[in-house]
Amino acid sequence: MNEMSEKSYAKVNIFLKISDKRDEYHELVSRFVRVHSLFDTISFVKSSRKAFCIIGNFSCNMETNTVYKAYKLLEKYDGVEDFFKNYSVEVNKNIPEFAGLGGGSSNAATFLLMTNKYCNLNLSKDELSKIAIKIGADVPFFVYEYDSANVTGIGEIVEKFDEEMLNIDTITPNMKCNTGEIFKVFRENFYKQISKNEADKLFKMKSIEILNNLNINEANDLYEPAISIYPKLEEYAQNSWFFSGSGSSFFKVNDVK
């Protein structure tokens, strides 16, 4: 493996609740957990291209790629532009796109961390998080590299949650969920807000306890609006499977009894 390579892990939302609206954004109350069995790999590989380049199999063009957005935010720092005249960014994808597993956000965060390291930027995690939120709501979680965290605001407030590492399986139906459309339907037809007391209660519970006490509808406020748009998703909501983010992925924790 290239010595400048890092794993870019997927995540699941153990629960995802809406606490408020902030302009066009929704404020979240959620538990994010890294999935150690599912990851992309990001490498900085020697290149003669003399311009920033991303190598990988993506469904979007480079300008809308989260890694490119991360690069543009770091480009002004000393040494970054010159470094990427000599190195390309290679992304080996395993995390399904548009699946609620945070693949693009994880890639952006891993790129930020690697660039900070190899370009000697000496930025703290908090400083990187402030850059990360400009890319996407899930990116700060991945910057902090916590296995489990309580996440609030629009994703910028990340607090480590100490619990045992979970053994998580995921399944992703062959469909892409439109996050913007799901939030729109949620706001129009399913809107509800979690109370502070209920949020505090969930934040203190271990993930396994939460999944033992909530069903798929109760755990994720976006599940019902998602299946109203994509009815076939409901075929995957069986037994102990839960819905991650805005989908389309489902997950289960093997240790749940």
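Residues numbered from 1 in each chain as written. Predicted model: local features only at pLDDT ≥ 70, side-chain atom pairs only at ≥ 80, totals over all residues. Heavy atoms only, no water.

Re the overall build of the chain
Argument step 1. Secondary structure assignment for the chain yields 10 helices and nine strands.
Argument step 2. C-alpha extents for the chain along the principal axes are approximately 55 × 40 × 35 Å.
Argument step 3. Counting every position in the chain, which comprises 257 residues, the buried fraction comes to 52%.
Argument step 4. Within the chain, contacts between residues separated by at least 24 positions form 73% of all contacts whose residues are at least 6 apart in sequence.
Argument step 5. Entry remark: accessible area of the chain is about 12,500 Å², with carbon and sulfur atoms responsible for 44%. (Helix = DSSP H or I, 4+ residues; strand = E, 2+ residues; numbered from the N terminus. Buried < 20%, exposed > 50% of the residue type's maximum accessible area, 1.4 Å probe, protein only. Contact = heavy atoms within 4.5 Å. Areas by Shrake-Rupley, 256 points an atom, 1.4 Å probe, with all protein chains shown as cover.)

Details of helix α1 (residues 66–74)
An α-helical turn contains 3.6 residues, so a residue and the one three or four places further along point in the same direction.
Argument step 1. Residues Val67, Tyr68, Ala70, Tyr71 and Leu74 constitute the buried set of α1. Along the axis of α1, the buried positions cluster into a sector of 160 degrees, meaning they face one direction only.
Argument step 2. Buried residues along α1 sit in contact with β3 (54–55), α2 (80–83), β4 (87–92), α3 (103–118) and α4 (125–132).
Argument step 3. Where α1 begins, the side chain of Asn65 points an oxygen toward the backbone nitrogen of Val67, at a separation of 2.8 Å. (Arc of directions from axis to C-beta. Polar contact = N/O pair within 3.5 Å; in protein donor to acceptor, adjacent residues only side chain to side chain.)

A short note on the packing of aromatic side chains
Argument step 1. Under the criterion given, the structure shown has 22 aromatic pairs.
Argument step 2. With centroids separated by 6.1 Å and ring planes inclined at 45 degrees, the aromatic side chains of Phe15 and Phe203 adopt a geometry described as tilted. Remark: Phe203 occurs in helix α7 (residues 196–204) and Phe15 occurs in strand β1 (residues 5–22); sequence separation between them is 188 residues. For the pair Phe15 and Phe203, a shared accessibility class is recorded, and that class is buried.
Argument step 3. Arranged with centres 6.1 Å apart and planes meeting at 50 degrees, the rings of Phe52 and Tyr68 form a pair that is tilted. Residue Phe52 is located in the loop between β2 (25–46) and β3, and its partner Tyr68 is located in helix α1; the two are separated by 16 residues in the primary sequence. (Phe/Tyr/Trp six-rings, centres within 6.5 Å; stacked < 30°, edge-to-face > 60°.)

Here we look at the nonpolar core
Argument step 1. Counting 38 residues, the largest nonpolar core has Phe44, Phe52, Phe84, Val89, Phe111 and Leu112 as its most contacted members.
Argument step 2. If you list the elements that add at least two residues to this core, you get β2, α1, α2, β4, α3, α4, α5 (139–144) and β5 (148–153).
Argument step 3. Those residues in contact with Phe84 that sit more than four places away from it in its chain are Phe44, Ala51, Phe52, Tyr71, Val89, Phe111 and Thr115.
Argument step 4. Val29, Val35, Ala99 and Ile168 belong to the second largest nonpolar core, which has 26 residues in total. (Core = buried A, V, L, I, M, F, W, Y, C linked by side-chain atoms within 4.5 Å.)

Remarks on empty space enclosed by the protein
Argument step 1. This structure, assessed with the given rule, holds one cavity of 30 Å³ or more.
Argument step 2. Contributing to the lining of the largest cavity are Val33, Arg34, His36, Asp147, Ser148, Glu163, Glu164, Met165 and Leu166.
Argument step 3. In the lining of the largest cavity, the residues fall into three nonpolar, two polar and four charged. (1 Å grid on protein atoms, 1.4 Å probe; cavity = no way out; pocket = protein on both sides within 12 Å on 5 of 7 lines; lining within 4 Å. Points joined across faces, edges and corners; volume = space filled by probe spheres on them. Nonpolar A, V, L, I, M, F, W, Y, C, P; charged D, E, K, R; others polar.)

Quick notes on α4
Argument step 1. Residues Leu128, Ser129, Ile131 and Ala132 constitute the buried set of α4. In a view along the axis of α4, the buried residues occupy a sector of 160 degrees, so they form one face of it.

Here we look at the layout of surface pockets
Argument step 1. In this structure, the largest pocket encloses a volume near 1,200 Å³.
Argument step 2. Partitioning the lining of the largest pocket into residue classes produces 19 nonpolar, 19 polar and six charged.
Argument step 3. What the second largest pocket holds in volume is close to 190 Å³.
Argument step 4. Forming the walls of the second largest pocket are Glu6, Lys7, Ser8, Tyr9, Arg34, Ser106, Thr110, Leu113, Met114, Lys117, Phe142 and Glu145.

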